[in-house]
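Here's the letter readout for the chains.
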Amino acid sequence: MGLFIGLPLRCLRPGGITGACCSVQRRHESSPVPQTQTIGISIARPYELVCGFLAEPRNFPRWASGLAMGLEPTADGWMGDAPQGKVKIRFSPPNAFGIADHWVTLPTGEEVYVPLRALPHGAGTEVILTLFPLPSMSDADFAADAAIVLRDLASLKDLLESV
């Protein structure tokens, strides 16, 4: 049985994590490390299928609302139309480890690291994304961003489980 550190007990069920869960790691007032939030969802599809789907950048607009307006390949990555405007995106190369990290450069030049993982779990897959706040984000903005990620992961689950 796997151990999922940082997930609230309500997310744990006999046989593993079910549904969508999130964990907020708050910083102490004296800590220079900002809060993070790890959001995960169980997908009843084989690990290899989920990894293959996440390894293809052209699939992201099908489930990630921030990239729903589309992606275009460039010489050094991808360009996308996002709610903030044109963004540049670099994706980790396809791999057998379930790593689908990506780096989004906003129109301001600020780069956002988005760690995204697929983990084998029985006959299915856990997909987890860790959300880091931008330095300028309020707690309310961070919570809104987390809600969008949770909705996007639910869209990914619906899409893959309908195939």
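See the structure shown above.
Draft legend 1. The packing of helix α1 (residues 47–54) against helix α2 (residues 139–161), seen in detail. For the pair α1 and α2, interaxial distance at closest approach is 12 Å and the crossing angle is 120°. Accordingly, the angle class assigned to the pair α1 and α2 is oblique. Our pair here, α1 against α2, has a crossing hand that is right-handed. Listed contacts from α2 to L49, V50, F53 and L54 of α1 are L156, L159 and L160. Here the residues of the contact of α1 with α2 sort into seven nonpolar, no polar and no charged.

Draft legend 2. Quick peek at α2. The terminal C-alpha atoms of α2 lie 33 Å apart, and with 23 residues this matches the ideal 33 Å at 1.5 Å per residue to within 8%. Here α2 has its buried residues at F142, A146, V149, D152, L153, L156, L159 and L160.

Draft legend 3. Spatial organisation of the pairing of strand β11 (residues 124–131). The element β11 is extensively covered by neighbouring structure, given that seven of its eight residues are classed as buried. Both strand β4 (residues 36–43) and β11 contribute to a ladder of seven bridges, which runs antiparallel. Looking at the pairing, S42 lines up with E126 of β11. For strand β10 (residues 116–121) and β11, the ladder comprises six bridges, and the chain directions are antiparallel. Along β11, the bridge assignment pairs L116 with L129.

Draft legend 4. Here's a closer look at the environment of E111. Here E111 is to be found in strand β9 (residues 111–114). C-alpha of E111 to C-alpha of V87: the two residues are 24 residues apart in sequence and 9.6 Å apart in space. Within the structure, the side chain of E111 is placed 3.3 Å from the side chain of R90, a separation counted as a polar contact.

Conventions and cut-offs
- Residues numbered from 1 in each chain as written.
- Predicted model: local features only at pLDDT ≥ 70, side-chain atom pairs only at ≥ 80, totals over all residues.
- Heavy atoms only, no water.
- Axes fitted to C-alpha atoms, helices over the stretch in contact; angles between N-to-C directions.
- Helix = DSSP H or I, 4+ residues; strand = E, 2+ residues; numbered from the N terminus.
- Parallel < 35°, antiparallel > 145°, perpendicular 65-115°, else oblique.
- Left-handed = near helix turned anticlockwise from the far one by under 90°.
- Contact = heavy atoms within 4.5 Å.
- Nonpolar A, V, L, I, M, F, W, Y, C, P; charged D, E, K, R; others polar.
- Expected span 1.5 Å × (residues − 1).
- Buried < 20%, exposed > 50% of the residue type's maximum accessible area, 1.4 Å probe, protein only.
- Pairing = 2+ DSSP bridges.
- Polar contact = N/O pair within 3.5 Å; in protein donor to acceptor, adjacent residues only side chain to side chain.

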